[in-house]
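Read off the chains here:
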Amino acid sequence: MASYKARLKEFDDALGANQIDLRKLKELCFHGIPDEQGARSLCWKLLLNYLPPDRSTWSQTLTQKRELYKQFIEEMVIPPGEVQDEEETSRTDVTSADHPLSCNPDSQWQAFFRDNEVLLQIDKDVRRLCPDISFFQQATEAPCDKVVNSRGLRRLHRRVQHTVLSSANVERRGLGVTKIALTVRKAQEDYAPMAEGSEAHWEVVERILFLYAKLNPGQGYVQGMNEIVGPIYYCFASNPDADWRKHAEADCFFCFTNLMSEIRDFFIKSLDEAECGINNMMCKLSDQLRSCDQPVYLRLQQQELRPQYYSFRWLTLMLSQEFPLPDVLRIWDSLFADENRFSFLIHICCGMIVLLRDDLLSGDFPANVKLLQNFPPMDIALVLRKAAKLSGRRSSDCP
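Residues numbered from 1 in each chain as written. Predicted model: local features only at pLDDT ≥ 70, side-chain atom pairs only at ≥ 80, totals over all residues. Heavy atoms only, no water.

*Asks:* Honestly, the packing of aromatic side chains in this entry has me stumped. Any pointers?
*Replies:* How two aromatic rings sit relative to each other is given by the distance of their centres and the angle of their planes. Evaluated as defined, the whole model comprises 18 aromatic pairs. Aromatic pair Tyr309 and Phe365: ring centres 6.3 Å apart, planes at 90°, arrangement edge-to-face. Placement of the pair is Tyr309 in the loop between α13 (294-302) and α14 (311-316) and Phe365 in helix α18 (residues 365-373), with a sequence separation of 56 residues. Their ring planes at 65° and their centres at 5.2 Å tell us that Tyr310 and Trp314 sit as a pair that is edge-to-face. By relative accessible area, Trp314 is classed as buried at 0%. Among the aromatic residues, those joined into a ring-pair cluster are Tyr50, Tyr69, Phe72, Phe253 and Phe254. Over the ring of Phe236 we find Lys45; its NZ or CZ atom is 3.6 Å from the centre of that ring. (Phe/Tyr/Trp six-rings, centres within 6.5 Å; stacked < 30°, edge-to-face > 60°. Helix = DSSP H or I, 4+ residues; strand = E, 2+ residues; numbered from the N terminus. Buried < 20%, exposed > 50% of the residue type's maximum accessible area, 1.4 Å probe, protein only. Lys NZ or Arg CZ within 6 Å of the ring centre and 35° of its normal.)

*Asks:* Sorry, what's going on with the layout of surface pockets here?
*Replies:* The gaps left among the atoms become clear once a water-sized probe is rolled over them. Each pocket or cavity is described by its volume, and for the largest pocket that value is around 470 Å³. As for the largest pocket, its lining consists of 19 residues, and the residues nearest its centre are Lys70, Ala142, Pro143, Cys144 and Lys246. Elements represented by at least two residues in the lining of the largest pocket include exactly α4 (58-76), α6 (145-148), α10 (242-246) and α11 (248-263). For the lining of the largest pocket, the leading source of residues is α4, giving 5 residues. Class assignment of the residues belonging to the lining of the largest pocket gives a composition of 9 nonpolar, 2 polar and 8 charged. (1 Å grid on protein atoms, 1.4 Å probe; cavity = no way out; pocket = protein on both sides within 12 Å on 5 of 7 lines; lining within 4 Å. Points joined across faces, edges and corners; volume = space filled by probe spheres on them. Nonpolar A, V, L, I, M, F, W, Y, C, P; charged D, E, K, R; others polar.)

*Asks:* What should I look at first to understand the side chain of Asp125 in this one?
*Replies:* Inspection of the secondary structure puts Asp125 in helix α5 (residues 108-126). For the buried Asp125, which has no salt bridge, the nearest side chain bearing the opposite charge is Lys124, at an N-O separation of 5.9 Å. For Asp125, the side chain forms a polar contact with the side chain of Gln223, separated by 3.5 Å. Apart from the residues lying within four places of it in its own chain, the contact partners of Asp125 are Tyr221, Gln223 and Asn226. (Lys, Arg positive; Asp, Glu negative; His and termini not counted. Salt bridge = Lys/Arg side-chain N within 4 Å of Asp/Glu carboxyl O. Polar contact = N/O pair within 3.5 Å; in protein donor to acceptor, adjacent residues only side chain to side chain. Contact = heavy atoms within 4.5 Å.)

*Asks:* I'm lost on the nonpolar core in this one. Help?
*Replies:* General note: in soluble globular proteins, nonpolar side chains tend to be found buried as a group. Residues Trp44, Tyr233, Met318, Ile348 and Ile353 are the most contacted members of the largest nonpolar core, which totals 117 residues. Looking at which element gives the most residues to this core, the answer is α11, with 10 residues. Each of domain 1 (35-80 + 105-164 + 193-266) and domain 2 (270-391) contributes no fewer than three residues to this core. Setting aside residues no more than four positions away along its own chain, Ile348 makes contact with Leu319, Ile331, Leu335, Val383, Leu384 and Ala387. (Core = buried A, V, L, I, M, F, W, Y, C linked by side-chain atoms within 4.5 Å. Domains from an automatic or database assignment.)

*Asks:* Would you take a moment to explain the packing of helix α8 (residues 201-215) against helix α9 (residues 225-237) for this structure?
*Replies:* Any two packed helices are characterised by the angle at which their axes cross and by the distance between the axes. Running from amino to carboxyl end, α8 crosses α9 at an angle of 125°, the nearest separation of the two axes being 10 Å. Considering their axes alone, α8 and α9 lie oblique with respect to each other. For the pair α8 and α9, the sense of crossing is right-handed. Contact residues: His201, Val204, Val205, Ile208, Leu209 and Tyr212 in α8; Met225, Asn226, Val229, Tyr233 and Ala237 in α9. (Axes fitted to C-alpha atoms, helices over the stretch in contact; angles between N-to-C directions. Parallel < 35°, antiparallel > 145°, perpendicular 65-115°, else oblique. Left-handed = near helix turned anticlockwise from the far one by under 90°.)

Without other data, these values stay purely geometric and don't point to any function.
Shown next, in the form of structure tokens:
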């Protein structure tokens, strides 16, 4: 207990400084962030470059970003030509020059219908987000007024209800066809939307992903991004401070966008062979396994059990599908604080394999594939200690 209180004080001191020492903060966060008084939420905002180290600029930064997010909603979520109340009567009526049957490729209505195809997959994915907890089915205490108090199609799930489209996987952009092997965890039933005036957390996540797809047309939405944004939003929307919770949606959007700017190459198939691509990451994992446990490496090689069969999802989704949400949050503390930006992810994945060595050495191909694709329940502290040892750190560095 004494050491825990001392650790809390270290975080209080680090986060309370006028000019935050990011290097020191990263070292603290790498060992795990105590989720007291919203420490994790604040640390992630700093580690993901949403908040600057200078505390005196936070108020201005947050105000600007949150206002910008409101503009995104007004410009990209509210359907063209829809006027809902007196405050919006100044909105330009585009229906005089544009209409739902327009063939003009620049038509706002044409863009609206194209968006619905991507929205269909987003809606499908977020309705089953993190089924091991009930959080995403619950109502947010800070719904978007411009959306929930509307009878039109501002609530994105309604567009799907009003659209007849075939549901196909939204795949990684690039050459060829490659699907991310999803999902190990699924809800028994799709989450239901809230009644008028309220919205569930999954509906908020749906809006975040939709706006991200709209603002990043070169990449758009790819199945699996919901598993990346989910833990970030959960962390922010669970902050004990009501004011931080109120702005969880906007803050999450920008942190998610910053994170995707670093890992987006994993979702682009044409970059698979590049140094920043997913194949290079899988090769690094294979090389480390060979150097730290050659018998297991040779066993998998003999069985032709390639890393693509299991580690593609591990690496692309940052292990968000392999562990319960509380463990994912702890893993991401270390990953976000990694000075070499996610090199520790390789060590964690390698540690996971090594911890299964006895079963892998005795198992046949089908048994080993099943074991690696459905990683068994395990104390996350044990996994992180093994990863710390493989990375050259002391095993005690990851309690």
